[in-house]
Each structure stands twice: as structure tokens, then as C-alpha cells.
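# Structural overview for review
Chain residues, written in single-letter form:
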Amino acid sequence: MPISPLLSVDGLTASVDEKTILHDVNLNIPAGETHVLMGPNGAGKSTLGHLIMGDPAYTQDAGTILFDGQDMSDLSPDKRSRAGIFLSFQAPVEIPGVPLSSFLRATIAGRPGLEMRGKEFRRRMKELCAELDMDPAYLNRELGVGFSGGEKKKVEMLQLLLLQPKLAILDETDSGLDVDALGVVSRGMDLYRKSTDGTLLIITHNTRILEHLDVDRVHVMVNGRVVREDDASLIDWIDENGFESFERAAENDAAENAR
Amino acid sequence: MEQLKIKHASAMPAPTWSWLRMNDTEISLPAALARGGDIEIEAPDTLLDTASTFEGALAELQEHLDAKRANATDDRACVRAAQMDQEGAGGRETSDGSLGDLDTPALSRYQKRATLEEVAGDVTRAFETGIGMDARSYLNFAAGETVTIATEAGSTGEATIRVTGDAGTTVAASIDAVAAPDSSLSLTIALDAAPGSSDDASSNQGPAGVIGSELRVFAGAHSHVDVTVYVTADAGFVAVDDSGYVLDEGARVQVRHIVLGGGVTATGMAADLRSDTARIDIDTRYLASGSERRDFNYVVRHRGKRTISNIIANGVLAGSSKKCLRGTIDLVHGCKGSEGTERETVLIADEGVENKTVPTILCDEDDVAGNHGATIGHVRPEQLFYLESRGVSSEDAEALFIRAKLEDAALSAPDERIRAAILRLGNRLIDGFAEELEGDAA
Amino acid sequence: MAKQRTEVADIDRTLYDITDSEEGFERLDAGLTPDIVREISERKDEPEWMLDFRLKSLEIYRKMPNPTWGPSIQGLDMDHIVTYVKPNTDQQATWDEVPDDIKNTFERLGIPEAERSYLAGVGAQYDSELVYHNMQDTAAKMGIVYSGIEEALHEPAWEALIRSKFMTLIPPTDHKFAALHGAVWSGGSFVYVPKGVKLDFPLQSYFRLNAKGAGQFEHTLIIVEDDADLHFIEGCSAPKYNVANLHAGAVELFVGKRAHLRYSTIENWSKNMYNLNTKRARVDDEGEIEWISGSFGSHVGYLYPMSVLNGRKSRSSFTGITFAGAGQNLDTGCKVVLNAPDTSATVETKGISKGGGIQTFRSSVVVTPKAEGARVSVSCASLMLDDESRSDTIPAMDVRAKNVDIGHEATIGRIGDDKIFYLMSRGVPEEEARAMIVNGFANPVAKELPLEYAVEMNNLIKLEMEGAIG
């Protein structure tokens with residue numbers, strides 16, 4: 001019997017404002033693997049990421065989200081974070097008046113093995129900034145306020161490296177548009193994989209971000225359903241053929257169901 | 001202890017219902033305080049050794065304005081109404097009780113005063129400070145003398161004024177700042193009172209002491225003036241920060257009020273954007289905890305054309321603290337092309353907090369834009385989700401906001417003494433605050 | 001008195017107290033005496049308690065100062081207040097006596113002949129009464145009581161209920177004109193909607209008010225019991241000709257659990273009117289009050305409908321528009337008290353000023369410590385149509401509860417030249433283009449009104465825009 005995966009999404013159906021946007025989604029990610037979630041715009045990829053993290057904007061109507069053997073369904077996002085899930089955002093939200101350093105301290109407070117006192121914290125921050133080629137002066141700036149695209153990504157990757165989650169869900173739907181951001185994310189993923197035996201779920205519709213990455217499995221999502229799962233070779237195929245065939249198949253299915 | 005009361009302080013120009021108790025505030029001061037003297041003014045001699053005066057600057061501005069003034073009679077309805085009323089009570093009534101002139105609106109007291117002031121066009125008489133005349137007199141008396149800090153045309157200058165309070169005393173600075181055309185002047189005012197002497201303050205004897213500053217600023221044509229006030233006093237002290245600004249053509253003024261401590265604080269500022277294209281940006285950050293009280297009154301009068309103002313206030317209220325912020329943007333007739341914006345964000349971290357906000361816009365001109373907004377309550381949902389997704393619970397988020405207010409101020413403190421005062425305050429509220437932050441600013 | 005007060009004991013009493021005692025008291029007792037009040041009461045053949053109430057109110061009235069923050073009421077002949085109070089001897093005014101601007105408004109609005117002839121004198125009341133009775137019959141079948149409040153006071157079945165509610169929401173101590181109202185009120189409507197009864201057409205008070213000829217101090221008392229639903233329309237949009245120039249009515253609304261009341265008003269008084277009207281609603285658990293309010297006309301207006309959300313999850317929404325033209329100073333807005341958990345309120349107002357007119361939006365939002373989880377959203381927009389007019393926005397917020405979400409947005413500006421240019425470039429004359437834009441600005445209010453009132457409101461705006469009135 002295979003060991004149970006780190007993340008196991010089973011029969012997940014979810015809605016926003018009483019409109020169902022995910023239908024019976026299944027997704028398993030064993031520890032240590034790198035998975036990719038692909039699909040056209042509006043397929044529900046980011047929604048899935050937010051649901052795994054517990055975004056209260058969405059309602060989980062059916063199914064389960066098991067992480068590390070524990071049911072996440074009723075846990076608030078901070079509990080899921082402390083259980084070891086990390087979701088990168090397209091960009092951190094702006095929180096005026098809160099310096100980045102104050103925020104980072106709060107994220108590690110009370111985490112066994114991660115909590116650091118003053119000097120230790122600053123040393124670690126310097127290290128991480130150096131690794132990400134980030135000016136430490138940013139630590140004194142207000143979170144998200146006036147940051148460029150690349151800087152915002154650096155802030156997200158900095159947290160990924162600081163928190164060392166068991167599972168990192170990187171929502172990079174739009175990163176392909178920004179060359180700077182793309183570089184930052186690649187570097188962040190690289191460092192994360194090196195420093196931990198981390199597990200990755202990369203959400204994207206752009207295959208460029210996946211170059212030089214050792215991908216284990218690829219999941220394709222269309223219209224709120226996972227329609228295909230395969231090994232890394234699927235990436236090249238999608239690169240050439242796009243998502244049209246999946247979308248057509250989904251339409252045909254829908255048409256058949258309607259009959 | 002006998003109390004001295006400054007009544008009707010920080011009154012908003014256009015009052016509203018009195019039962020709300022927001023129209024003004026009353027500042028209670030111990031009556032028997034000695035006049036203290038620990039005021040340090042750190043400024044190069046070139047700034048202090050000056051013949052410029054605030055009054056002189058206003059008189060000169062008045063001359064320019066009078067020269068430009070058109071002599072056409074103004075027969076707008078509000079002007080007719082204000083002048084009619086002035087001719088004697090009941091002037092508009094006819095003997096049979098019917099109304100004489102229905103095309104003339106019945107003005108409120110405020111509207112009448114505003115119209116008459118506008119017609120008079122007198123810079124000196126219109127000059128005001130945020131807290132008002134009584135506070136001004138008190139602070140000027142406590143200060144003893146007024147120090148004038150002035151720049152030469154085209155020059156750059158920097159000054160720091162430190163007012164350090166002590167139990168049993170009133171310590172106040174009275175400053176006139178005059179920035180000559182095309183010059184830059186940067187002022188830092190630190191109102192601090194160390195906790196050492198305040199053991200008796202917590203025993204409900206009323207405030208241990210008073211610190212304050214009275215500031216008048218004239219920003220000459222195309223000058224840049226930067227004023228930052230830190231209030232880091234202990235809870236036993238009353239801090240009174242009163243100021244009034246007059247801006248000539250193209251002047252740029254940036255004001256920062258960072259109010260982190262003080263049992264009772266009153267911050268009041270009024271700005272007269274008298275000449276065209278003047279601009280003022282006001283950035284207020286405050287924190288109140290325990291049973292502290294914060295009072296703010298901002299009045300910005302747009303009189304010149306294409307003038308701009310921004311009032312941004314951001315605060316956290318904890319414990320059983322109380323706060324009232326009055327912000328008035330007055331778009332005076334003739335200020336065509338002007339824009340005023342006012343925005344306040346308040347985080348209420350504890351039950352028992354009292355938060356009052358009145359963001360007023362007065363508008364007597366059509367080609368203008370006035371905007372205000374207020375967000376009061378808790379952390380916004382999208383912010384909260386982000387914080388939670390990184391492991392910060394909603395309870396921790398509130399603690400983070402309080403802490404961040406202090407850390408932000410400490411990180412951006414202009415010098416070691418102000419930074420030390422913020423750390424001292426932080427230590428009082430949060431265990432190991434200073435230790436945690438040590439070296440961060442480096 | 002004391003017993004009635006307990007009805008609102010849950011609300012912080014200090015909210016209602018006039019506290020600014022330092023203002024000089026004006027003793028304006030000339031004319032209005034206890035004897036006159038007794039005379040009013042006697043003629044109405046009222047219960048003893050009502051006379052006592054009137055006399056106490058009169059005392060309060062004499063002690064109270066005039067408001068100091070709003071438009072001047074100097075022009076109001078307060079020394080001869082009795083002339084406003086005395087039963088209106090000029091009621092039989094003929095159409096010829098109606099001022100021209102109002103007559104013109106009628107012509108252009110196309111007010112039906114019946115209403116016009118009614119306004120011209122007592123002789124035409126029949127048509128109005130007929131309309132009223134028709135409505136009463138339909139409503140009566142559902143158990144709804146809709147009658148004159150004075151008549152209801154003579155019904156033993158209703159006297160006790162009225163006594164327990166009358167001026168408990170608006171106590172005479174509230175402000176000077178509430179006290180005056182308490183002393184000399186006359187006429188008005190009483191509406192009672194029993195539990196669970198939902199009326200799906202609106203009740204209107206327009207005809208009723210005029211039929212009684214008691215417009216100046218009318219008292220409206222509406223009780224909507226649990227799970228009931230009512231839409232009440234007050235005043236209509238037709239301008240009212242009043243010989244007297246003071247209106248100090250009072251409206252008290254009691255909304256039960258899960259009940260819903262929509263109260264729509266378009267006030268378009270003639271421009272010699274000092275309109276100092278007070279309206280207030282108290283809402284129980286999960287109930288809802290909706291105010292739709294249009295203020296046109298009047299020389300001076302003080303009008304701030306107030307919602308007191310006393311029940312858990314109760315709601316209030318206020319949608320208002322105020323148009324101040326030449327010679328007018330209209331100080332309008334609303335008040336909301338959120339006094340229970342999870343209550344919510346929305347406020348959306350539009351203000352327009354033109355031709356030297358003055359328009360003030362004034363509001364208060366009070367969130368008491370009991371109102372954890374309260375949600376409030378206030379948005380007000382003001383439009384300046386020229387540079388001689390004035391528009392002030394004075395919104396006060398007092399928040400004392402945790403986990404609340406209070407948002408406030410306000411804007412002031414004028415019609416963008418680009419919009420006018422765009423419309424003109426498509427062949428729309430400038431005047432029409434402006435009216436079109438102003439109507440669009442007013443649309444959020446218009447769309448909440450029954451169609452015929454929305455049409456009339458648009459016509460009113462059009463008239464104001466043409467400068468044909470006032």
C-alpha cells in the first residue's frame with residue numbers, strides 16, 4: 001500500500017456567492033514531489049489554491065482537503081499555515097503602517113524551530129535578502145506599499161524561505177508577464193527545494209516558469225474540473241497545442257450531460 | 001488638584017449636533033504648574049539670526065493680494081445674505097411677519113462668518129491655529145518667548161526643537177517659522193516626557209505635567225516646508241500641539257504628526273492655502289492605549305487657485321482609549337481647480353474604545369474636487385486572509401498593528417533621542433520591544 | 001411621561017439631551033400660552049393625559065434654545081408663533097391666492113384637475129376623500145388600521161396603544177421644535193399593521209393631510225407589527241400651499257421583528273416654508289426600515305430621518321436627494337443609531353445646489369458598545385451647478401464597538417465639461433444635457449420611488465434646471 005500523500009484533495013466542490021466554481025476536484029501530491037496545475041484563464045486554478053489555504057471568500061460545499069493526514073476543512077488560514085501550507089499571492093496585499101519586518105516577526109512568532117530573537121532574526125533576514133538579491137532597506141518599508149512587481153515577488157519568496165513550509169503552492173498565474181518576477185520566482189523555488197525537502201504545487205498557464213524544473217506530475221484544469229493528469233511530458237505537449245483540445249472536450253462533455 | 005480648562009478647544013469650523021460632543025474639546029490642565037524650561041532648539045545660527053517675522057511675511061503677502069484684487073462688487077446671494085444680516089438683527093423681517101427677500105438664503109452662523117471672512121480677504125485676521133486662541137495664549141505664555149526660525153531665499157535649513165516635560169511643570173515652545181521664497185525648511189518637534197517622574201501620575205491625581213508647542217509657519221512662494229511632530233510622552237502628561245500655516249504661491253508643505261504617547265493629547269493645525277498652486281500633505285499616525293485620549297483638529301482652507309490638500313490619518317485604538325478627529329476641507333469661493341482629499345483609517349483593537357470621526361467638506365466653489373473617506377473597524381478581509389495565510393491569527397493581527405505603529409515610528413525616527421523615546425514607550429506597552437528592535441534601523 | 005419614556009430606555013438617553021446649555025436661552029413665550037394649548041386640546045376633545053403632555057411640552061419649548069448649528073431661522077416670526085399654531089383661518093384660500101410659481105409648477109407637472117381644484121378650496125375635498133376611503137377599504141380587509149390620529153385617540157381600542165408610543169421616539173426634550181410639536185400638534189395619520197400582514201401597495205398620506213387642513217404640526221404614528229410589511233408614502237410631490245410658513249411635523253415609526261417598512265417622502269414645499277420636520281424609526285430584531293427622501297422647495301429645511309436599530313440584525317437604509325435652488329438653505333441628511341449586535345445601515349445621498357442655493361448633508365452614525373459586528377456604509381455625493389452656490393458635507397461618526405466595519409465616502413464636484421461636450425456633440429442642447437446629467441445623478445433615488453413619483457421628481461429637477469421656478 002502506498003504511503004498517503006502529503007496533500008489529498010478529494011471530491012472538492014466549492015462556490016462563491018452561491019455559484020459553484022469547482023466541481024468534484026481530486027488532487028494528490030506526495031511529499032517531496034513537484035506538481036504543476038495548468039489550465040486556461042478562469043479555469044479555477046487560483047481558486048483551488050485559495051481553497052486549500054482556507055480563503056473565507058470561497059465556500060467548500062463538498063469533499064475534503066487532507067494535509068499531512070489532518071482534515072483542513074474547518075481550520076482558519078493561520079492554522080493551515082502553521083500546519084505547513086504556504087500559498088504565494090500574485091502580490092502581497094498592501095498594509096499601510098505595518099513595516100515588512102514587523103509583519104515577518106509576527107509570522108514566525110510561536111513557530112517551533114522558526115521563532116528567532118532580535119539579533120538572530122536580523123542575521124537571518126540579511127542572509128535571505130542576499131540570497132534573493134533584495135535590498136535589506138525594504139524590511140523597514142510598509143508592507144506592499146509602493147513595491148514594484150519584482151519587489152513584490154521577492155517579498156513572497158522571502159516568506160517562502162523564511163517559513164519553510166512542507167507544501168508551497170505558488171500561484172504564478174500572471175508571473176509569466178513580468179520577466180523580473182519570473183526570475184525571482186525561479187530563484188525562490190530553487191532555493192526552497194535546496195534548503196528543504198519541500199513539496200511544490202505551481203499554478204500557471206505559462207510553461208516558461210517550468211523550464212529547468214524537475215516536474216513530477218501535471219494536472220490540467222478546465223471549467224472548474226481536473227480533466228487530465230499526466231507526467232512532465234504533458235508540459236511540452238501543452239506548449240505546442242495549448243488548452244483548446246481540453247476545452248473542446250469539456251464542452252462536449254457538458255453538452256452530453258445536458259442531453 | 002485645581003484644574004485649568006481650555007474650553008471649546010479644537011472647534012470644527014462648521015459645527016454639528018451638540019449631543020454628539022464632537023464639535024470641540026475641553027483640555028484640562030493642572031492649574032498650579034510651574035513654568036518649566038527644558039527646551040532645546042538645535043538649529044544653525046543662520047536660521048535663528050534673522051530679521052524676518054511671521055507678521056511681516058503676512059503683511060507682505062497681503063500687499064501682493066490687495067494689488068491683484070478686483071474691485072468688482074460681489075452680489076452673490078450668500079454675500080447679500082451675510083451683509084443683510086449684519087445690518088442688524090431682524091433686518092430681513094418685515095413688520096407683518098412675512099418674508100422679505102426669498103431669493104436670499106438664510107445662512108447658518110458658520111456660513112455667514114465664512115462669507116464675511118472671504119469678502120474681507122484679510123490674511124492676518126483670518127489666521128488661525130487648529131486648537132484656537134486660548135491654547136495659543138496659554139502656550140505662548142508658558143513658552144515665555146517666541147523663537148523665529150527663518151530661511152534665506154533659495155537656502156536650505158534644518159532644525160530640531162525638543163520639549164521635554166517634567167512632573168509639576170508646563171514646558172512649551174513657541175516657534176515662528178518663516179520660509180523665504182524658493183527655500184527649504186525642515187523642522188522636527190519632539191514633545192517628550194520621560195516616565196521616571198510620573199509615579200504619582202498613575203495615582204489618578206490628574207496629569208503630572210504639560211508639554212506643548214505653538215507653531216506658526218509661513219511658507220513663502222515655491223518654498224518647501226517639512227514639519228514632523230513626535231509626541232512620545234508618558235501617560236501622565238498632557239501634550240498640546242497647536243499650529244497654523246499660511247502658504248504662498250506654489251509652496252509645498254508636508255506635515256507629519258506621529259502621536260504615540262501622552263495621557264491626553266490635543267493636536268490641532270490649520271492651513272491657509274492662500275495663494276495659487278500651494279499644496280499641503282498631512283500624514284497623521286497615532287496610537288492610543290490604556291485610557292489615553294487623542295484629539296485632532298485639522299482645518300485646511302483652499303483659497304488660492306489649483307491648490308491641493310491631502311489629509312491622511314491612520315491610527316490604532318486599544319484598551320479603553322478615546323479619540324476624536326475633526327478634519328475640515330474648506331473649498332472657499334475663488335479656489336477654482338482645487339482638490340482636497342481626506343482619508344482616515346482606524347483600527348479598533350479592543351472593546352471599550354471610543355472613536356469619533358468627522359470628515360467635513362465645505363464647498364463654496366464649483367470647479368473643485370472634494371473627497372473624503374473613512375474606514376473604521378477591524379482589519380480588512382483581504383488583509384486578514386493574507387496575514388492568516390502566513391500564520392498570523394486575527395487576534396495576533398491586532399497586536400501586530402499596535403506593534404507596527406511603534407516599530408514604524410522607531411524605524412523612521414530622524415535621530416537617536418527620538419528613537420530612544422519611542423523604544424521607551426514601546427517597552428512600556430510590549431515586553432522586550434526595544435531589545436527585539438535593536439539595530440534594525442542600521 | 002415617565003412610563004412612556006421607558007419605551008426607549010434601551011437607547012442612551014444622553015443622545016437626546018440638548019446639552020449646550022451655555023447658549024443663551026431665548027424666551028419666546030409671546031403669544032403661545034398654556035391657555036391657547038388648552039384651547040387646542042379642548043376643541044379636539046382629547047383625553048386628559050394628552051393635555052398634560054401638551055402643557056409639559058410647552059414648558060420644555062419655552063426653556064429650549066434655538067439650534068445654533070444650522071440655517072438661520074431668524075426670518076421665522078417666533079414672537080408670534082401663535083399665528084402658526086392657531087387653527088388655520090385661511091384654509092379656504094382660493095386658487096387665486098396660490099402664488100404664481102406654485103401654480104406654474106402645477107400646470108407643468110400636470111397635476112390632475114381633481115387635486116388642483118381640491119387645493120383651491122374646501123369644496124373639492126370630496127374627490128380626495130374618495131381616493132382615501134377606497135384605499136382604507138382594501139387595507140381594512142387585511143386588518144390594517146389607517147385613520148386620523150385624532151380619531152384613533154377617541155377609540156378606546158387604540159388610545160392605550162397610542163399613549164404608549166406617542167412621542168416616545170421623539171420626546172419633546174429632543175429639540176425646540178419637537179417640544180413645540182408636542183404642545184400644539186394637530187392632525188396626522190395613525191397606521192397599524194397587524195402581525196404577519198403584508199400590504200403590497202403603498203398607503204399614501206397626501207390626501208389625508210390636506211383633508212384635515214392641519215399640515216403644519218401633523219403627527220404620524222405607524223406601527224408595523226412582527227413579520228408585517230408596509231410601504232407608506234408621505235406628502236406626495238405636489239407643492240403644498242401653506243399660509244403659515246412653519247412646518248414642524250413629527251413621524252414616529254415602530255418596526256417589529258422581521259417586519260419591513262418603507263417610508264417614502266418627496267417634500268416640495270413652497271419657498272416661504274421653514275421646514276423643521278422630525279422623523280424617527282425604531283426597529284426590532286431582524287426588522288428593516290427603508291427611508292426614501294426627496295427634499296425640494298422650502299426656504300429653510302432641517303430634516304434628518306433617524307433610525308434606531310434596537311434589535312439584533314435589524315437594518316436601515318436611507319436613500320435621499322436634496323435640491324437647493326435660489327434662496328434656499330436645505331440642511332438635510334440622516335441619523336442612525338446601531339444599538340444591537342450585527343445591525344447594519346446604508347446611507348446613500350445626493351445633493352444638488354444651484355443659483356446661490358445652499359445644500360448641506362449632515363449625518364450622524366452612532367455605534368454603541370452593544371453593536372458588535374455592526375456594518376455601516378455611507379456614501380454621499382454633491383453636485384455644484386454653478387460657482388455661486390454652496391454645498392457642505394458634515395458627517396459625524398461615533399463608534400464604540402469592536403469587530404465593526406464602518407465605511408464612509410463622500411465627493412463634491414461639478415458636472416464635467418467633457419460630459420456636456422460629449423452630449424452636445426451628439427446634438428443635445430446644453431440645457432437639456434445638464435438636466436440629463438443631473439437626472440442621472442438623481443437616478444439612485446428615483447429608481448427607489450414608485451413610477452409616478454419618480455416621473456414627478458424628474459420633472460421637478462427639470463423645472464429647477466430651467467430656472468423656471470424660484
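Residues numbered from 1 in each chain as written. Chains lettered and ligands numbered in written order. Predicted model: local features only at pLDDT ≥ 70, side-chain atom pairs only at ≥ 80, totals over all residues.

## Thoughts on the overall build of chain C
Here is the rule: Here a strand is any run of E in DSSP of at least two residues, a helix any run of H or I of at least four, and the numbering for each starts at the N terminus. Counts of 20 or more other C-beta atoms within 10 Å of a residue's own C-beta define buried residues, counts of 12 or fewer define exposed ones, and intermediate counts define partly exposed ones; C-beta atoms are placed from the backbone. Two residues qualify as being in contact provided that their C-beta atoms, derived from the backbone, are within 7 Å of each other.
The helix and strand inventory of chain C stands at 14 helices and 19 strands. Looking at chain C as a whole, 53% of its 470 residues are labelled buried. The long-range share in chain C, meaning contacts at least 24 apart out of those at least 6 apart in sequence, stands at 84%.

## Here's the deal with the overall build of chain A
Rule in force here: C-alpha atoms define the radius of gyration, and 2.2 Å times the number of residues to the power 0.38 defines the globule rule.
Per the secondary structure count, chain A includes eight helices and twelve strands. Expected size for 259 residues packed as a compact globule is a radius of gyration near 18 Å; at 19 Å, chain A falls within 12% of this value. Seen along its three principal axes, the alpha-carbon backbone of chain A occupies a region of about 65 × 40 × 40 Å. Within chain A, the fraction of its 259 residues that count as buried is 41%. If you take every contact in chain A between residues at least 6 apart in sequence, the share linking residues at least 24 apart comes to 72%.

## Here we look at the interface of chain B and chain A
Short version of the rule: Note on residue categories: nonpolar means Ala, Val, Leu, Ile, Met, Phe, Trp, Tyr, Cys or Pro, charged means Asp, Glu, Lys or Arg, and polar means any other residue, Gly included.
Counting from both sides, the interface comprises 26 residues of chain B and, opposite them, 28 residues of chain A. Secondary structure elements with two or more residues in the side of chain B that touches chain A: α7 (381-389), α8 (394-411) and α10 (433-437) of chain B. The element best represented in the side of chain B that touches chain A is α8(B), accounting for nine residues. The residue makeup of the side of chain B that touches chain A, split by class, is seven nonpolar, six polar and 13 charged.

## So, the environment of Thr204(A)
Structurally, the position occupied by Thr204(A) is in the loop between β10 (199-203) and β11 (217-222). In this structure, the C-alpha to C-alpha distance between Thr204(A) and Leu128(A), residues 76 residues apart in sequence, is 25 Å.

## Observations concerning helix α3 (residues 48-63) of chain C
All names here are of chain C. We count it as follows: For a helix, the expected span equals 1.5 Å multiplied by the residue count minus one. In this context, the arc is that of the directions from the helix axis out to the C-beta atoms.
With 16 residues, α3 extends 23 Å between its outermost C-alpha atoms, agreeing within 8% with the 22 Å of an ideal straight helix rising 1.5 Å per residue. All buried positions along α3 are accounted for by Phe53, Arg54, Ser57, Leu58, Ile60 and Tyr61. Viewed end-on, α3 has its buried residues packed into an arc of 165°, placing them on one side of the element. Against the buried residues of α3 lie α2 (34-44) and α10 (176-184).

## What about the pairing of strand β16 (residues 308-317) of chain B?
Residues and elements named next belong to chain B. Formally: DSSP bridges decide pairing: two strands pair if at least two such bridges lie between them.
Here β16 lies mainly inside the structure; seven of its ten residues are buried. With ten bridges joining them, β16 and strand β18 (residues 339-348) adopt parallel strand pairing. Counterpart to Ile308 in the pairing with β18 is Glu339.

## Thoughts on the interface of chain B and chain C
Interfaces are often sized by the accessible area lost when the parts come together. Counting residues at the interface gives 55 residues for chain B, matched by 61 residues for chain C. When contributions to the side of chain B that touches chain C are tallied by element, the ones reaching two or more residues are α3 (77-86), α4 (109-120), β19 (354-363) and β20 (369-377) of chain B. In terms of residue count, the dominant contributor to the side of chain B that touches chain C is β19(B) (ten residues). For the side of chain B that touches chain C, the residue count by class is 24 nonpolar, 18 polar and 13 charged. Alignment of β19(B) against strand β18 (residues 390-399) of chain C, held across six bridges, turns out to be antiparallel.

## Comments concerning helix α6 (residues 179-195) of chain A
Residues and elements named next belong to chain A. Taking 1.5 Å as the rise per residue, α6 with 17 residues should run 24 Å; its terminal C-alpha atoms sit 24 Å apart, in good agreement. Within α6 the residues assigned to the buried category are Ala181, Leu182, Val184, Val185, Gly188, Met189 and Tyr192. End-on, the buried residues of α6 take up no more than an arc of 165°, which puts them together on one face. Among the exposed residues of α6, those oriented more than 90 degrees off its buried face are Val179 and Lys194. Buried residues belonging to α6 abut α4 (118-132), α5 (149-163), β9 (167-171) and β10.

## Description of the sheet that holds strand β4 (residues 59-67) of chain A
Residues and elements named next belong to chain A. What the four strands build is an open sheet, ordered β2-β1-β4-β5; its pairing is antiparallel. Each of the sheet's edge strands pairs with one partner strand only, and the pair in question is β2 (19-29) and β5 (70-71). The pairing of β4 with β5 spans two bridges and is antiparallel. For Leu66, the partnering residue across the bridge sits in β5 and is Asp71.

## Points about the packing of helix α12 (residues 417-425) of chain C against helix α13 (residues 430-446) of chain C
Residue and element names in this part refer to chain C. Quick reminder of the rule: Structural elements are reduced to axes, namely lines fitted to C-alpha atoms, with helices fitted over the stretch in contact, and the angle between N-to-C directions of any two is expressed from 0 to 180 degrees. Reported orientations rely on four angle classes, namely roughly parallel under 35 degrees, roughly antiparallel over 145, roughly perpendicular from 65 to 115, and oblique for the rest. For any helix crossing, the convention is left-handed if the near helix is rotated counterclockwise from the far helix by under a right angle, and right-handed if that rotation is clockwise.
Between α12 and α13, the least distance of the axes is 9 Å, while the angle of their chain directions is 125°. Judged by the inter-axis angle, α12 sits oblique to α13. Between α12 and α13 lies a crossing of right-handed hand. Of the residues in α13, those in contact with Lys419, Ile420, Leu423 and Met424 of α12 are Glu430, Ala433, Arg434, Met436 and Ile437.

## Here we look at unusual backbone geometry
Unlike most non-glycine residues, Asp17(A) shows phi in positive territory, near 50°. As for its position among the elements, Asp17(A) is in the loop between β1 (7-16) and β2. Its identity as a non-glycine residue notwithstanding, Asp45(C) has a phi of 55°, on the positive side. Position of Asp45(C) among the secondary structure elements: in the loop between α2 and α3. Take Asp45(C): there are 9 C-beta atoms within 10 Å of it, and that puts it in the exposed class.

## Considering the environment of Ile266(C)
Residue and element names in this part refer to chain C. Assignment of secondary structure puts Ile266 in strand β8 (residues 260-269). Assessed through the 25 C-beta atoms surrounding it within 10 Å, Ile266 is described here as buried. On a C-alpha basis, the gap between Ile266 and Gly427 in space is 33 Å, while along the polypeptide they are 161 residues apart.

## Topic: the sheet that holds β9(A)
Residue and element names in this part refer to chain A. Read from one edge of the open sheet, six strands run β6-β9-β10-β3-β11-β12, paired in mixed fashion. Either end of the sheet is taken by a strand with one partner, and the two such strands are β6 (85-88) and β12 (225-230). For this sheet, the mean inter-axis angle between neighbouring strands, taken without regard to orientation, is 20°. Relative to β12, β11 runs antiparallel, the two sharing five bridges.

## Let's talk about the pairing of strand β11 (residues 237-247) of chain B
Residues and elements named next belong to chain B. Of all the eleven residues making up β11, eleven are buried; the element is thus mostly covered by neighbouring parts of the structure. Residues of β11 alternate between two faces, with Phe237, Ala239, Asp241, Ser243, Tyr245 and Leu247 on one and Val238, Val240, Asp242, Gly244 and Val246 on the opposite face, all of them buried. Of the strand pairs in this sheet, strand β9 (residues 209-219) and β11 are connected by eleven bridges, and their pairing is parallel. Across the sheet, Glu214 pairs through a bridge with Asp242, a residue of β11. Examined bridge by bridge, β11 and strand β13 (residues 264-273) share ten bridges and lie parallel to one another. By the bridge assignment for β13, Val246 is matched with Asp272.

## Some points on the confidence of the model for chain C
Interpretation of the predicted coordinates at a detailed level should be avoided for regions scoring low in pLDDT. Residue and element names in this part refer to chain C. How we decide: Every residue carries a pLDDT, the predictor's confidence in it, which falls somewhere between 0 and 100.
Mean pLDDT over chain C: 78, with 75% of residues reaching 70 or higher. Mean pLDDT in chain C bottoms out at helix α1 (residues 2-5), which sits at 33, and peaks at strand β12 (residues 306-309), which reaches 98. Interface confidence for the predicted complex, given as ipTM, is 0.91, next to a pTM of 0.86.

## Some thoughts on the environment of Lys68(B)
Looking at the element boundaries, Lys68(B) is found in helix α2 (residues 54-68). Residues Lys68(B) and Asp396(B), 328 residues apart in the sequence, show an inter-C-alpha distance of 59 Å.

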